[in-house]
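This is what each chain is made of:
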Amino acid sequence: MSESPAVPPGPPVPLSALLNREDLALRQIAGPAGAGVVIHGAHTSEMSDPYPYLLGGELLLTAGVHIPEAAGSGTYFEDYVSRIVQAGGAALGFGVAPVHDRVPRALVAACDAYDLPLLEVPPQTTFSGVARAVWQLIAQARLAELRRVTEAQQSLAAAAARPDPVPSVLRQLAQRVGCRAVLFGPDGAEIAAAGRAPVSEVAAPLAELAAVVRPYGAPAGPGDPAGAPPPPARPSPASATDTVAGTHLAAYALGTGQGFVLGVAAPHRDPGDHAIASVAAVLLSLLTGEHLIGTGAARSRALVRLLLGAAPHEVAPLLGAERWLVVHARPDDAAAEQPAGSGRGDRRVPVAASALGAALGSPLVDPGEDVVRVLVPADREPAPQPGWTLGVSAAVEPHDWPAADTQAARALARARATRAPLLRHGAHTGLTDLVPPDEARDHARALLAPVAAVPALAETLRTWLSLHGSWDRTAVALSVHRNTVRQRIARCAALLEADLDDPDVRMELWFALRQPWTG
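The structure presented is a predicted model; accordingly, all values stated were derived computationally and were not measured.

Let's talk about the overall build of the protein chain
Of regular secondary structure, the protein chain possesses 16 helices and 17 strands. With 519 residues in all, the protein chain has 41% of them scored as buried. Of the accessible surface of the protein chain, which amounts to about 26800 Å², a share of 56% is contributed by carbon and sulfur atoms.

Focus on a nonpolar patch on the surface
Taken together, L303, V304, L307 and L308 make up a surface patch of nonpolar side chains, about 460 Å² in accessible area. With respect to the helices and strands, V304 occurs in helix 8 (residues 296–307). With a relative accessible area of 43%, V304 lands in the partly exposed category.

Some words on the nonpolar core
Ranked by size, the top nonpolar core spans 29 residues in total, and within it L170, L173, L262 and L284 carry the most contacts. For this core, the elements supplying multiple residues, two or more each, are helix 4 (127–160), helix 5 (165–177), strand 8 (180–184), strand 9 (190–194), strand 11 (247–253), strand 12 (261–266) and helix 7 (273–293). Top contributing element to this core by residue count: helix 7, with 7 residues. Once you skip the residues sitting within four places of it in the chain, L262 turns out to touch L170, L173, V182, A250, A251, Y252, L254, A277, A280, A281 and L284. Of all hydrophobic cores here, the second largest spans 23 residues; its members include V13, L15, I39 and L119.

Focus on the packing of aromatic side chains
Within this structure, the stated rule accounts for 4 aromatic pairs. Judged by centre distance (5.7 Å) and plane angle (85 degrees), the rings of Y76 and F77 are edge-to-face. For the pair formed by Y76 and F77, the shared burial category is buried. Measuring from centroid to centroid gives 5.5 Å for W464 and W471, while their planes differ by 35 degrees, and the two rings are tilted. Through a chain of ring-to-ring contacts, three or more aromatic side chains come together here, namely Y76, F77 and Y80.

Thoughts on the sheet that holds strand 5 (residues 58–62)
Read from one edge to the other, the open sheet built from 5 strands follows the order 2-7-6-5-4, with strand pairing classed as mixed. The open sheet has two free edges, formed respectively by strand 2 (27–30) and strand 4 (41–44), since each of these has just one partner strand. The mean angle between the axes of side-by-side strands here comes to 30 degrees, regardless of whether they run parallel or antiparallel. Pairing of strand 4 with strand 5, which is carried by 4 bridges, proceeds in the parallel orientation. Note that in strand 5 the partner of A42 across the bridge is L59. The strands touched by helix 3 (residues 105–113) are strand 2, strand 6 (91–95) and strand 7 (118–121); relative to strand 2, the strand with the most contacts, the crossing angle is about 80 degrees. The strands touched by helix 4 within the sheet are strand 4, strand 5, strand 6 and strand 7, with strand 4 carrying the most contacts at an inclination of about 160 degrees.

Regarding the sheet that holds strand 15 (residues 372–377)
Overall, mixed pairing links the 5 strands, which are arranged 14-15-13-16-17 in an open sheet. Whereas interior strands pair on both sides, the edge strands pair on one side only; in this sheet they are strand 14 (365–367) and strand 17 (422–424). Sheet twist, expressed as the average angle between the axes of neighbouring strands with direction ignored, equals 15 degrees. Two elements, strand 13 (residues 324–331) and strand 16 (residues 388–392), share 5 bridges in a ladder whose sense is antiparallel. Note that in strand 16 the partner of P331 across the bridge is W388. Lying over the sheet, helix 11 (residues 401–418) contacts strand 13, strand 15, strand 16 and strand 17, oriented at roughly 35 degrees with respect to strand 13.

Focus: the environment of C111
Following the sequence through the fold, C111 ends up in helix 3. In this structure, the C-alpha to C-alpha distance between C111 and A30, residues 81 residues apart in sequence, is 6.1 Å. In this view, C111 contacts A30, G31, V81, L92, L116 and L118; residues no more than four positions away in its chain are not counted.

Description of the confidence of the model for the protein chain
Summarising the model, the protein chain shows a mean pLDDT of 82, and 85% of its residues fall at 70 or more. Throughout residues 1–5 the model reports pLDDT below 50, and contacts reaching past four residues in sequence, or to other chains, amount to 3 contacts.

Concerning helix 16 (residues 503–513)
Restricting attention to buried positions, one finds in helix 16 the residues V505, L509, F511, A512 and L513. For helix 16, the elements touching its buried residues are helix 12 (437–452), helix 13 (455–466) and helix 15 (482–496). Measuring from the backbone nitrogen of D504 back to the side-chain oxygen at the start of helix 16 gives 2.8 Å, which picks out D502 as the cap.

Here's the deal with the pairing of strand 15
Of all 6 residues in strand 15, 5 are buried; the element is thus mostly enclosed. Bridging between strand 14 and strand 15 involves 3 bridges; their strand directions are antiparallel. Paired with P367 across the strands is V372, a residue of strand 15.

Cut-offs used in this document
- Within any chain, residue numbers begin from 1 and follow the written order of that chain's sequence.
- This being a predicted model, a pLDDT of at least 70 is required before a residue's local features are given, and a value of 80 or more before pairs of side-chain atoms are given or counted; all residues contribute to the totals for chains, interfaces and linings.
- As a convention, hydrogens and water are excluded, and side-chain values are obtained from all of the structure's heavy atoms.
- For helices the rule is a DSSP run of H or I covering at least 4 residues; for strands it is a run of E covering at least 2, with both sets numbered from the N terminus onward.
- Burial classes: relative accessible area under 20% of the type maximum marks a residue as buried, over 50% as exposed, and values in between as partly exposed (1.4 Å probe, protein chains only).
- Each accessible area value is a Shrake-Rupley result obtained with a 1.4 Å probe; residue values ignore everything except the protein chains displayed when judging cover.
- Only residues whose relative accessible area exceeds 30% and that form no salt bridge enter a patch; like-charged residues are grouped when within 9 Å of one another, and nonpolar side chains (Val, Leu, Ile, Met, Phe, Trp, Tyr) when within 5 Å.
- We define a salt bridge as a contact between a side-chain nitrogen of Lys or Arg and a carboxyl oxygen of Asp or Glu at a distance within 4 Å.
- Note on terminology: a nonpolar core comprises buried Ala, Val, Leu, Ile, Met, Phe, Trp, Tyr and Cys residues joined through side-chain atoms within 4.5 Å.
- Residues are treated as being in contact if the distance between any of their heavy atoms lies within 4.5 Å.
- Any pair of Phe, Tyr and Trp rings, taking the six-membered ring for Trp, is counted once the centres come within 6.5 Å. Such a pair is stacked with planes under 30 degrees apart, edge-to-face with planes over 60 apart, and tilted for the rest.
- Being paired, for any two strands, means DSSP has found at least two bridges between them.
- Axis lines are fitted to C-alpha atoms, over the contacting stretch for helices. Their N-to-C directions set the angle, which ranges from 0 to 180 degrees.
- The pLDDT value expresses, per residue, how confident the predictor is, ranging between 0 and 100.
- Pairs of N or O atoms within 3.5 Å make up the polar contacts considered here, provided that, within protein, one atom can donate a hydrogen while the other can accept it, and that residues adjacent in sequence are counted only when both atoms are side-chain atoms.

Rendered as structure tokens:
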């Protein structure tokens, strides 16, 4: 059995709509009738074998110029109609003028035999008029489909803002597409569903289709041992389709990358259904992303508890992770670095900061005037982001968030000075391991006491030493003029009564500056 030919994309129009056009006066004289017959275009050909020139779904128009005189006594019409059907032609329109004064009976019989609708085109109706009417009907159908998709998008967006967003989005999708909509979890289990359940033969194939697009492979089957680890991550398509028991199936991988999948089972498939389902998949990606990092309600609870005096480690479980990274980021675009009130820059940064948080996998974003800070679960390793310079702290527990914030700030300063897209705080402590913490802190406080009263001096000295005494890089890291750096370093040398060109002095000062000597 040969495969059915593909038809052009876009909304088809019922053949009955063309027959209802009184100005055309078309009459169907053979083949099946009814709303199920649709056309995707019109094409005129006088070739005896139009197969190579058809895309599928067309109304083929002919005046019968190609018909030989002895066609009625052989298999000409049967061969002709069979080739049209093989090419996917939707219907045949036969003009009774100027070549023929009536439609050949053998052609009528062949169309009935092959279930090809046959239309009689009267002498006063031109083929160009029929084609124009077809394209007008297609344009109207396309406009109606666009309106349907737009209304569906609006209803889906409104559903996503409801208190129960996931079930609401699924209900709207099921209503707008006339389908069964299912949200599958990373383990393949059905988390939520809406719409009329399809025939029983469809449930298992839909779950199997969801496994095709799930990055972590199919869920464990009955023969797999209990507690078996999930299959390793593998490349997978973003969507997949199938047809089972007359039901159209589709699966969409959600953008969180955690294995959530949207499954759709519909008795029919209209051109706009894919666009509507894709919008639902995007919304569900955002909603499942919220689920993975803590819902908005959970974040609100955490904020309220912090404001009422709770410690960070007490509210951190509401956010869904035990260890965290602090990321400091500055945009590379000079326009985005303009200070607040300068115009375009202060409007762009919050939007860009939100996008940065999404790219890093966290909605916990603080879009400050100069630096964007993001709190990221430690299991999501930050990667360089185009247009940003990043400094990343070590992975810490919530009670160490303030220290991690300082680490990220210093890593960002060094990244900007060295023009690196991303730098991480080094975990290696060096000589610190050889000296008891209390003694190291007391030594640092005594050594750095002369500059303790001016924090800018200590920070400039620390940055200058970390950048191997480079005036220009230190100026970039601190966002000051290089002459300011020179003046501060000279002031430090005077207050400390130390020769900063001596490598032993530099080493001792660097050791001291790495200790928690203030406070």
